[in-house]
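Secondary and tertiary structure notes
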2 protein chains.
Amino acid sequence: MTSIDDVAHASGVSIATVSRALRGLPNVSEATRQRIQGIAEELGYVASSSASGLASGRTLAMGVVAPSVSRWFYTTVIEGIDSALRDANYDMILYNLASRGGDRERVFHRSILRKRTDALIAVGMDFTAAEREQLLSLGHPTIMIGGPVRGIRHIGIEERGVAQEATEYLISLGHRDIAHIGGDDDEGLNRQVPLGRRRGFLDAMQAAGISTRDDWMMSGGFSLTVSRAVINELFDRPGPRPTAIFANSDEMAIGAMLAAMDHGVSIPGDLSVIGIDNHDLSESFGLTTMAQDPYEQGSLGARILLDDLTGGPLSRKTSVRATARLLRRRSTAPPQR
Amino acid sequence: MTSIDDVAHASGVSIATVSRALRGLPNVSEATRQRIQGIAEELGYVASSSASGLASGRTLAMGVVAPSVSRWFYTTVIEGIDSALRDANYDMILYNLASRGGDRERVFHRSILRKRTDALIAVGMDFTAAEREQLLSLGHPTIMIGGPVRGIRHIGIEERGVAQEATEYLISLGHRDIAHIGGDDDEGLNRQVPLGRRRGFLDAMQAAGISTRDDWMMSGGFSLTVSRAVINELFDRPGPRPTAIFANSDEMAIGAMLAAMDHGVSIPGDLSVIGIDNHDLSESFGLTTMAQDPYEQGSLGARILLDDLTGGPLSRKTSVRATARLLRRRSTAPPQR
DNA sequence: GTGAAAGCGCTAACAT
DNA sequence: ATGTTAGCGCTTTCAC
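First, a word on scope: everything that follows refers to the structure included in this document. Please read these numbers as outputs of a predicted model, since none were measured by experiment.

Criteria and cut-off values
- Residues numbered from 1 in each chain as written.
- Chains lettered and ligands numbered in written order.
- Predicted model: local features only at pLDDT ≥ 70, side-chain atom pairs only at ≥ 80, totals over all residues.
- Heavy atoms only, no water.
- Helix = DSSP H or I, 4+ residues; strand = E, 2+ residues; numbered from the N terminus.
- Expected span 1.5 Å × (residues − 1).
- Buried < 20%, exposed > 50% of the residue type's maximum accessible area, 1.4 Å probe, protein only.
- Near = heavy atom within 4 Å.
- Polar contact = N/O pair within 3.5 Å; in protein donor to acceptor, adjacent residues only side chain to side chain.
- Nonpolar A, V, L, I, M, F, W, Y, C, P; charged D, E, K, R; others polar.
- Phe/Tyr/Trp six-rings, centres within 6.5 Å; stacked < 30°, edge-to-face > 60°.
- Lys NZ or Arg CZ within 6 Å of the ring centre and 35° of its normal.
- Core = buried A, V, L, I, M, F, W, Y, C linked by side-chain atoms within 4.5 Å.
- Contact = heavy atoms within 4.5 Å.
- Salt bridge = Lys/Arg side-chain N within 4 Å of Asp/Glu carboxyl O.
- Pairing = 2+ DSSP bridges.
- Right-handed = clockwise from strand over helix to strand, strands pointing away.
- Buried area = accessible area lost by both parts, 1.4 Å probe.

Glancing now at helix H11 (residues 250-262) of chain A. All names here are of chain A. Between its first and last C-alpha, H11 extends 18 Å over 13 residues, near the 18 Å set by a 1.5 Å rise per residue. Burial analysis of H11 places 11 of its 13 residues in the buried class, the great majority of the element. For H11, every residue scored as buried is listed here: Asp250, Glu251, Met252, Ala253, Ile254, Gly255, Ala256, Met257, Leu258, Ala259 and Ala260.

In structure tokens:
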């Protein structure tokens, strides 16, 4: 591999000048810079990140911890982060850290704390007290996306309020028989998200003086397939059916819509459905939802950290509340009477 | 940050012994090792990856290049890679490199070639001749997953044969009016995949003496939504409808199934559908498919590279053909006459 | 505007 | 079994 020495020799200058020239630092004459760049290119020289990381103390890499890369929310956040990092010429180290147990502890130690990154962005994760402490002692900028964690800056929607707004919309249409699809996200472990949304649902119901039914508080595992099965099972039960469903995510809402199809229940005639997210598939299904923008959340999170590192405009920015707005589509309507 | 010196001082040994002890090398007495490990833990010492990377020449990181992280295939491969890397204590650097253009060239240069990784695994990508050359000159182990690229080792199913088998199955059920959903994958750019599958479809049709119709060769963009729209449009057309559809991916096949629902076309009564993949959703939809296992492909790819690096059993392994097998479910049946 | 030299924090020979 | 020492390939003072 060609090293900086090779370039220096070939250009007849010192390695210091090569270093400056290639990084665009001042105090190098334009002529020399051009020449050095040409020669470096010719030789196929690329600086070693280990060496410059060691010498400068900056790795030009950002760590991203996520409990899953297959779920839409995480994936979309990651894409947003990626776009911001690319603009800054930063690389992304992806730590796919499952909830608890297993090698979580090991990965945390051997990898995350290994000074391979300049900053860390956590997506949809809870941290234990010990982990939080280690992160802080690591001393590099950290932010959390999706679900607040005590003591760590975060970006996310106001879970409870958003859920409340979704439920209120159903109520405003005239629904009173409303089921809720919640449930934990096995992979991620930020339990604050489903809990907050559930609270929001209950808030709205209570404020409207509508009683909830325990057997209509379903658990959909944040998955289309599970939700579909659960709602199919609900439709199989004797007795009254809900006229509306509020699901904690669009994927689960779509699962409910498919279950309705499975049972010949028409939407929105017999059943209204609302979700949270604005998933890629939602438009095609005509799903009404509280739309949020995880791509932007990810991108913003990365930009904040980058600015922390370089003293940019967003530097030292505190937690930010992301927005979610009601997106009316075809899956909601007043109940048929 | 505590460095190896701190640990050495605190333990009263040399830094060399600390290094050995912590890495589990021989020639350290069990007693000293225990003691050093305890002290290191206490001090919160974690080796700097830049420093050890520079000194040892190994970064303990693997690069993964993928054109998308949101598509099921890529995501699943990445999860497979991740599991193998975790076992080996390797980190993953994710390069989300869109097809061509944009900053592809820049990312390629400034990041991938920056010696941040020990090996590189590319998922569903084509490379230009120049890129291939640069990769080779980089000199570290490389493998490609999903779609062959000249001159680079790869892992993948035999696209053409698998598509042929899927089509033959429809034919064996008695279908003759078969549509094909193909089309390029915008994000990835390995055009060999859709081309191979299309060829396989045509092979089977031709071998059975069935003529194909150009207006039944659809383009579904490897996306559920696009495919659904395209098939809805097909059903809107006057004239005969196909009795079966072979789609290049399960996502597109499911899109077709939803379009059938949209049009009141019953499956498999009026229409049989077969895909390729065995996507997470496929079981729930009862979709017959040529099941492949991208998780395993990713994991195997990573293990091969890891073994290349360490001289393990899979070292220097050549390209491997992944398997895909017919998985019969409810979406296929003989045509109604 | 450019060069010399001192590290950055480790690993790997080579001693002992 | 442990210590000494010479780098790894850069960045960054400090001179000039």
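With respect to spatial proximity, 25 residues lie near DNA strand C, and among them Ser14(A), Thr17(A), Arg20(A), Ile4(B) and Ser19(B) are the closest. Within 4 Å of the protein, the contacting atoms of DNA strand C are 68% sugar and phosphate, with bases supplying the remainder. Side-chain polar atom of Arg23(B) to a phosphate oxygen of DNA strand C: 3.1 Å apart, as the coordinates give it. Among the secondary structure elements, those contributing two or more residues to the surface near DNA strand C are helix H2 (15-23) and helix H4 (49-56) of chain A together with helix H2 (15-23) and helix H4 (49-56) of chain B.

Let's shift gears to the protein's contact with DNA strand D. Near DNA strand D there are 25 residues, and of these Ile4(A), Ser19(A), Ser14(B), Arg20(B) and Thr32(B) occur at the shortest range. Between DNA strand D and Tyr45(A), the relevant distance is 3.0 Å, taken from a sugar or linking oxygen to a side-chain nitrogen or oxygen of the residue. The side chain of Thr17(B) places a nitrogen or oxygen atom 2.9 Å from a phosphate oxygen of DNA strand D. Those elements giving two or more residues to the surface near DNA strand D turn out to be H2 and H4 of chain A together with H2 and H4 of chain B. Counting residues per element, the surface near DNA strand D draws most heavily on H2(A), at 5 residues. In terms of residue class, the surface near DNA strand D is made up of 11 nonpolar, 11 polar and 3 charged.

Turning our eyes to something else, we now look at the packing of aromatic side chains. Applying the stated criterion to the full structure yields 4 aromatic pairs over all chains. When the ring of Phe201(A) is compared with that of Phe246(A), the centres are 6.2 Å apart and the planes differ by 25 degrees; the resulting orientation is stacked. Of this pair, Phe201(A) sits in helix H9 (residues 192-207) while Phe246(A) is found in strand E8 (residues 244-247), placing the two residues 45 residues apart along the sequence. A relative accessible area of 0% places Phe246(A) in the buried class. Arg228(A) extends its terminal NZ or CZ atom over the ring of Phe285(B), reaching a point 4.5 Å from the ring centre.

Our next topic: the nonpolar core. Met62(A), Ile81(A), Met62(B) and Ile81(B) are the most contacted members of the largest nonpolar core, which totals 96 residues. Setting aside its immediate chain neighbours within four residues, Ile81(A) contacts Val64(A), Met92(A), Ile121(A), Val123(A), Gly298(A), Ser299(A) and Ala302(A). Core analysis: the second largest hydrophobic core is formed by 52 residues, Ile181(A), Val265(A), Leu271(A) and Phe222(B) among them.

Now for the pattern of salt bridges. Applying the stated criterion across every chain yields a total of 21 salt bridges over all chains. Of the charged contacts, one joins Arg116(B) and Asp91(A) as a salt bridge, the two residues approaching to 2.7 Å between their closest N and O atoms. Taken together, the residues span two chains, with Arg116(B) in the loop between helix H6 (104-112) and strand E3 (119-123) and Asp91(A) in strand E2 (residues 91-96). Each member of the pair Arg116(B) and Asp91(A) is classed as buried. Salt-bridge contacts for Arg228(A) lead to Asp262(A); the nearest nitrogen and oxygen are separated by 3.0 Å. Residue Arg228(A) is found in helix H10 (residues 224-236), and its partner Asp262(A) is found in helix H11; the two are separated by 34 residues along the sequence. The exposure class of Asp262(A) is partly exposed, given its relative accessible area of 37%.

Further remarks concern the pairing of strand E9 (residues 272-277) of chain A. Residues and elements named next belong to chain A. Taking burial as the measure, the 6 residues of E9 include 6 buried ones, the bulk of the element. Along E9, one buried face is formed by Ser272, Ile274 and Ile276 and the opposite face, lined by Val273, Gly275 and Asp277, is buried too. With 3 bridges connecting them, E8 and E9 associate as parallel partners. For Phe246, the partnering residue across the bridge sits in E9 and is Ile274. Handedness of the crossover joining E8 and E9 through H11 is recorded here as right-handed.

Moving on: the interface of chain B and chain A. With 51 residues of chain B in contact, the opposing surface of chain A contributes 51 residues. The junction of chain B with chain A conceals about 4700 Å² of combined surface from both sides, 50% of it contributed by carbon and sulfur atoms. Counting across the chain B and chain A interface gives 16 residue pairs in polar contact (both at pLDDT 80 or more). Of all the secondary-structure elements, those providing two or more residues to the side of chain B that touches chain A are H4, helix H5 (72-87), strand E2 (91-96), H6, helix H7 (129-138), helix H10 (224-236), helix H11 (250-262) and helix H12 (282-285) of chain B.

If a residue is not glycine, its phi is most likely negative; likewise, a peptide bond is most likely trans. Residues and elements named next belong to chain A. Going from Ile267 to Pro268, the amide bond is cis rather than trans, its omega being 5 degrees. Mapping Pro268 onto the fold places it in the loop between H11 and E9. Phi at Leu60 is positive, roughly 60 degrees, even though this residue is not glycine. Its location among the elements puts Leu60 in the loop between H4 and strand E1 (61-66). With phi around 55 degrees, Phe222 is a residue other than glycine that occupies positive phi space. Here Phe222 shows up in the loop between strand E7 (217-219) and H10. You can call Phe222 buried: its relative accessible area is 10%.

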